Each structure stands twice: as C-alpha cells, then as structure tokens.
Amino acid sequence: MDARKFSTHILDTSVGKAAANVRVTVSRLDEIQEWRSLRAAQTNEDGRCQLLEPGQFLSGIYKLTFHVGSYFAERKVPTLYPVIEIIVDCSENQHYHIPLLLNPFGYSTYRGT
C-alpha cells in the first residue's frame, strides 16, 4: 500500500483566514524536462486541498500553480501576484504538504506535515 500523499493549504494572512475556492493546478517535470499538467483541484472551505491520490503521486519534481487572482478579485482587493508557482522536489517516499501563506503583495511557503 502506497502511503504517499500530496496536499496543500492556503492561509490568507491579510485577513487571518483560510483561502477557500482557490484553483490549484499540479504539473510534473517529465523525462525530457517539460511540464506535464496532471490535475486541477480547488481548496475547500478550510483552504485545504488533496493534490494527488497516493497511486498517482510518483517521485519527481512538481509545480503547483495557485490561481489567486480571482480569489482577490472576488474580494475587490488588488494583488501583485495573480498566479503563484511553487516548484518542489518530491523525491522521498513520504507525504508532502506544501502550505501557502498569502497576502495581496507577498507570499511564503514551507514544507508542512
């Protein structure tokens, strides 16, 4: 049984709340060094999102594309970053949780648990 999971969580630090209904696309770098889109997902009310199911999550380099422009537009908040891309090396056989701390003019990420 494969226990690998790939997930994210978005927190809007400008309001101190989870960022719900944000589209996140997942791509994987293939053997000829091109990005292959795998899946589009959306954060839930708690700002959380399962990106890939265990059987789909192979070792490799992944790109998470957070489409945050519409999230801010719905709130009538201007943003410098309409799209945020985070590239991560998921080469170990373990769970990867990649949170995004977000505000209209900056962001941060880290490896969560």
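What comes next concerns the included structure.

What counts as what
Residues numbered from 1 in each chain as written. Predicted model: local features only at pLDDT ≥ 70, side-chain atom pairs only at ≥ 80, totals over all residues. Heavy atoms only, no water. Phe/Tyr/Trp six-rings, centres within 6.5 Å; stacked < 30°, edge-to-face > 60°. Lys NZ or Arg CZ within 6 Å of the ring centre and 35° of its normal. Pairing = 2+ DSSP bridges. Helix = DSSP H or I, 4+ residues; strand = E, 2+ residues; numbered from the N terminus. Axes fitted to C-alpha atoms, helices over the stretch in contact; angles between N-to-C directions. Salt bridge = Lys/Arg side-chain N within 4 Å of Asp/Glu carboxyl O. Buried < 20%, exposed > 50% of the residue type's maximum accessible area, 1.4 Å probe, protein only.

### A look at the packing of aromatic side chains
And step 1. Enumeration according to the criterion identifies six aromatic pairs in this entry.
And step 2. Ring-pair connections join several aromatic residues into one group, and the members of that group are Phe6, Phe57, Tyr62 and Tyr96.
And step 3. Looking at arginine 4, its charged tip hangs above the ring of phenylalanine 57, at a distance of 4.0 Å from the centre.
And step 4. Here arginine 111 stacks its cationic end above the ring of tyrosine 96, 4.0 Å away from the centre of that ring.

### Remarks on the sheet that holds strand β3 (residues 23-29)
And step 1. In spatial order, the strands read β4-β3-β6-β7; together these four strands make up an open sheet with antiparallel pairing. Looking at which strands have only one partner, the edges of the open sheet turn out to be β4 (35-42) and β7 (84-90). In this sheet, adjacent strand axes meet at a mean angle of 20° when their direction is disregarded.
And step 2. With seven bridges connecting them, β3 and β4 associate as antiparallel partners. Directly across from threonine 25, in β4, lies its bridge partner alanine 40.

### A closer look at the pattern of salt bridges
And step 1. Applying the stated criterion across every chain yields a total of four salt bridges.
And step 2. Note that arginine 36 is salt-bridged to aspartate 30, the shortest N-O span being 2.7 Å.
And step 3. Put simply, glutamate 34 and arginine 36 hold a salt bridge, and the shortest N to O gap is 3.2 Å.
And step 4. On the accessibility criterion, glutamate 34 (37% relative accessible area) is partly exposed.

### A short note on the pairing of strand β1 (residues 6-12)
And step 1. In terms of burial, β1 is a largely internal element, six of the seven residues being buried.
And step 2. Two elements, β1 and strand β5 (residues 48-52), share four bridges in a ladder whose sense is antiparallel. Among the inter-strand pairings, serine 7 is bridged to a residue of β5, identified as glutamine 50.
And step 3. Here β1 runs beside strand β8 (residues 96-103); their pairing, made up of seven bridges, is parallel. By the bridge assignment for β8, isoleucine 10 is matched with leucine 100.
And step 4. Note: β1 against strand β2 (residues 17-18), two bridges, orientation antiparallel. Bridge pairing links leucine 11 to alanine 18 in β2.
And step 5. Two successive antiparallel strands, β1 and β2, enclose a turn made up of four residues, where glycine 16 displays a positive phi of approximately 70°.

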